[in-house]
Amino acid sequence: MLNIAVLISGSGTNLQALLNAQKEGRLKAGTIRLVISDRPDAYGLTRAAENGIPALTINRKDYRDSREFGKAISEHLRAHDIHLVVLAGFLSILGEAIVREYSHRMINIHPSLIPSFCGEGYYGLKVHRAVLEKGVKVTGATVHYVSEVADGGRIIMQQPVFVREDDTPESLQKRVMEEAEWIMLPKAVDQVCTALTYKEERQVENESL
Ligand code: GRF
């Protein structure tokens, strides 16, 4: 079983979807061992505590820049022997060193169908406001590997959601969460953990040849 850390900044409803999946036995190849928030008031910290998951705040405000911040996070991930890092509504920039260290072992969920409505400045309600302003008929969510380019890593999974005539940014955000994010993220996490486990087993086999 791989060790998973979930990084949050806000309400943690995607974290909750992962916790529910874990409780219901739908995470077969990984276990959530740690929750890290970049701000002390994230409700996701309460969700972690309610589920007995160790949680800590590494406050972005306490660090000079993304590099120092990423270094601090990396130290805690290593201390907990974390194999997979899941960014679930995590809003801080992590810096290149930790992204390289966790290459293909760090994933993110974004509330649009990448490459649309992503990158610099696209987060939270801003994404859904832009979707409605553009008038697209289909949106959704994407789980992708984290790379040095914001929202630019290889896509793992996507789930479409149809836009309704009477949608507001709030109603669309809620439906994308309910019909795409909360369903897809646990599946993507289990799929990536399974793939990483398989890869590790092959490496061990090759080393023993
Ligand atoms: C979600 O819409 C997620 O796609 C985006 O930020 C939001 C976080 O929500 N990255 P929550 O903290 O998981 O409730």
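We now turn to the structure provided with this report.

Reading guide: rules and limits
- Residues numbered from 1 in each chain as written.
- Predicted model: local features only at pLDDT ≥ 70, side-chain atom pairs only at ≥ 80, totals over all residues.
- Heavy atoms only, no water.
- Helix = DSSP H or I, 4+ residues; strand = E, 2+ residues; numbered from the N terminus.
- Buried < 20%, exposed > 50% of the residue type's maximum accessible area, 1.4 Å probe, protein only.
- Lys, Arg positive; Asp, Glu negative; His and termini not counted.
- Salt bridge = Lys/Arg side-chain N within 4 Å of Asp/Glu carboxyl O.
- Polar contact = N/O pair within 3.5 Å; in protein donor to acceptor, adjacent residues only side chain to side chain.
- Contact = heavy atoms within 4.5 Å.
- Core = buried A, V, L, I, M, F, W, Y, C linked by side-chain atoms within 4.5 Å.
- Near = heavy atom within 4 Å.
- Areas by Shrake-Rupley, 256 points an atom, 1.4 Å probe, with all protein chains shown as cover.
- Nonpolar A, V, L, I, M, F, W, Y, C, P; charged D, E, K, R; others polar.

**Some thoughts on the side chain of D190**
Reasoning step 1: Within the secondary structure, D190 is located in helix α6 (residues 169–208).
Reasoning step 2: Look at D190: it is buried, it has no salt bridge, and the nearest opposite charge is K28 at 6.4 Å.
Reasoning step 3: A distance of 2.8 Å separates the side chain of D190 from the backbone nitrogen of K28, its partner in a polar contact.
Reasoning step 4: Those residues in contact with D190 that lie beyond four places of it in its chain are R26, L27, K28 and A29.

**Considering the nonpolar core**
Reasoning step 1: Judged by nonpolar contacts, the single largest core of 41 residues is most densely connected at V6, L84, V86, I107, V143 and V189.
Reasoning step 2: In this structure, V189 is in contact with I4, L18, L27, L84, V86 and I107, ignoring residues within four places of it in sequence.
Reasoning step 3: With 20 residues, the next largest nonpolar core counts F69, I82, V85 and Y102 among its residues.

**Considering the site of the ligand**
Reasoning step 1: Close contacts around the ligand come from G10, S11, G12, T13, N14, G89, I109, P111, M177 and E181, and that covers them all.
Reasoning step 2: S11 places a polar side-chain atom, nitrogen or oxygen, 2.6 Å from an oxygen atom of the ligand.
Reasoning step 3: One nitrogen or oxygen atom from the main chain of I109 is found 3.3 Å from a nitrogen atom belonging to the ligand.
Reasoning step 4: Here the ligand loses 89% of its free accessible area of 360 Å² to cover by the protein chains.
Reasoning step 5: Only α1 (13–23) and α6 provide two or more residues apiece to the shell around the ligand.
Reasoning step 6: The residue makeup of the shell around the ligand, split by class, is three nonpolar, six polar and one charged.

**Overview of unusual backbone geometry**
Reasoning step 1: Here the residue pair I114 and P115 is connected by a cis peptide bond, since its omega of 15° sits within 30 degrees of zero.
Reasoning step 2: Within the secondary structure, P115 is located in the loop between β5 (106–110) and α5 (125–134).
Reasoning step 3: Of note, F117 is a non-glycine position whose phi angle comes to about 55°, a positive value.
Reasoning step 4: Mapped onto the elements of the fold, F117 is located in the loop between β5 and α5.
Reasoning step 5: A relative accessible area of 16% means that F117 is categorised as buried.
Reasoning step 6: Of note in the backbone geometry, D151 takes a positive phi value of approximately 60° without being a glycine.

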